[in-house]
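Okay, here's what each chain looks like letter by letter:
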Amino acid sequence: MFPIGDDNSARRTFPVVTYVLIALNVLFFFVELSGGDPFIEKWAFVPARFLADPGAGLLTLFTAMFMHAGWVHLAGNMLYLWIFGDNVEDRFGHLKFIIFYLLCGLAATFAQLAFSAGSNVPNLGASGAIAGVLGAYLILFPQGKVRVLMGNRVMPMPALIVIGLWIVLQFFSGIGSISNTADTGGVAYMAHIGGFVAGLVLTFLFRSKNAIA
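Being a predicted model, the structure only gives us computed values, none of them experimental.

Here is what the cut-offs are and how they apply
- Residues numbered from 1 in each chain as written.
- Predicted model: local features only at pLDDT ≥ 70, side-chain atom pairs only at ≥ 80, totals over all residues.
- Heavy atoms only, no water.
- pLDDT = per-residue confidence, 0-100.
- Contact = heavy atoms within 4.5 Å.
- Helix = DSSP H or I, 4+ residues; strand = E, 2+ residues; numbered from the N terminus.
- Expected span 1.5 Å × (residues − 1).
- Bend = angle between axes of the 7 residues up to and from the residue.
- Phe/Tyr/Trp six-rings, centres within 6.5 Å; stacked < 30°, edge-to-face > 60°.
- Buried < 20%, exposed > 50% of the residue type's maximum accessible area, 1.4 Å probe, protein only.
- Pairing = 2+ DSSP bridges.
- Axes fitted to C-alpha atoms, helices over the stretch in contact; angles between N-to-C directions.
- Salt bridge = Lys/Arg side-chain N within 4 Å of Asp/Glu carboxyl O.

**Student:** Describe the confidence of the model for the chain, listing the residues and the values that go with them.
**Tutor:** Here the chain averages 87 in pLDDT, and 88% of its residues register 70 or above. Contacts for the low-pLDDT stretch residues 174-186, under 50 throughout, to residues beyond four places or in other chains number 14 contacts.

**Student:** Which residues make up helix α1 (residues 16-43), and what values go with them?
**Tutor:** An ideal rise of 1.5 Å per residue puts 40 Å on 28 residues; α1 reaches only 26 Å between its terminal C-alpha atoms. At Gly-36, α1 shows its maximal bend, which comes to roughly 120°, and the proline Pro-38 appears one to four places after that position. Elements in contact with the buried residues of α1: α5 (71-92) and α6 (94-115).

**Student:** Report on the packing of aromatic side chains, specifying residues and quantitative values.
**Tutor:** What the rule picks out here adds up to 14 aromatic pairs. Ring centres of Phe-30 and Trp-71 lie 5.6 Å apart, and the angle between their planes is 75°; this geometry places the pair in the edge-to-face category. Of this pair, Phe-30 sits in helix α1 while Trp-71 is found in helix α5, placing the two residues 41 residues apart along the sequence. You can call Phe-30 partly exposed: its relative accessible area is 45%. The class of Trp-71 is exposed, set by a relative accessible area of 51%.

**Student:** Tell me about the pairing of strand β2 (residues 145-150), and please be specific about residues and values.
**Tutor:** Judged from the four bridges that link them, strand β1 (residues 2-6) and β2 form a sheet pairing that is antiparallel. Across the sheet, the residue bridging to Phe-2 is Leu-149, located in β2. With six bridges joining them, β2 and strand β3 (residues 153-158) adopt antiparallel strand pairing. Opposite Met-150, over in β3, you have Arg-153 as the bridge partner. Hairpin geometry of β2 and β3 is characterised by an intervening segment of two residues between the two adjacent antiparallel strands and by a positive phi of about 70° at Gly-151.

**Student:** Lay out the sheet that holds β2 with the relevant residues and their values.
**Tutor:** Pairing in this open sheet of three strands is antiparallel, and the strands run β1-β2-β3 from one edge to the other. Here the strands that pair on one side only, and so sit at the sheet edges, are β1 and β3. Here the strands of the sheet are splayed against their neighbours by 35° on average, with no regard to which way each runs. In the packing of α5 onto the sheet, contacts are made with β1 and β2, and the angle to β1 comes to roughly 30°.

**Student:** Outline the pattern of salt bridges, listing residues and values.
**Tutor:** All chains considered together, the criterion is met by two salt bridges. Between Asp-86 and Arg-11 there is a salt bridge, and its shortest N-O distance comes to 2.8 Å. Note that Asp-86 is positioned in helix α5 and Arg-11 in the loop between β1 and α1, a separation of 75 residues in sequence. On the basis of relative accessible area, Asp-86 is assigned to the buried category, the value being 3%. Taking the relative accessible area as the measure of exposure, Arg-11 reaches 28% and is therefore partly exposed. Asp-90 is paired through a salt bridge with Arg-12; the nearest N and O atoms lie 3.3 Å apart. Taken together, the residues span a long stretch of sequence, with Asp-90 in helix α5 and Arg-12 in the loop between β1 and α1 at a distance of 78 residues. For Asp-90, a relative accessible area of 5% gives the class buried. For Arg-12, a relative accessible area of 45% translates into the label partly exposed.

As structure tokens, this is what we get:
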């Protein structure tokens, strides 16, 4: 089951923030590739380093959101942002959407920090912020349909199922990873869960039925 799009017929505005976020993530990834490990060590979020000197690591709370571990990581995140971000941006308004996105990313980072405070493994990726977008989509578009590729056929499927399966996987993977997050790398599942929960909560504060800011 591979999501490839959703219903944009009710969208009222051009999703400029979503597209800018995608462009920034792609651009930052190329810079990351060029800079190599020294760039990652400097600009990714490292829990133990941040706790030792929060002031020095403050900027990495944001730069880490635009970094990725590889092409597959980048492509998967940008696909989900492209499918779901435009509709959420349309409902929130451009300014509220970017604030919402960054807050979800921060919530994701601190959720992961809570379970890996002693870790020196760099944390990076937009997954937590995008998990927040998925949470918002579920609240704002409970009847939404997502086009998914199943074999050689494209089928409409309720967004609740597509996103629900994703978050269930993150939850159980996160529970299994709690015991070793401080010592190992891999996927920051608790960041995904933290971002998703933040998205659910913040949606009730950010959603608007009227004008786009």
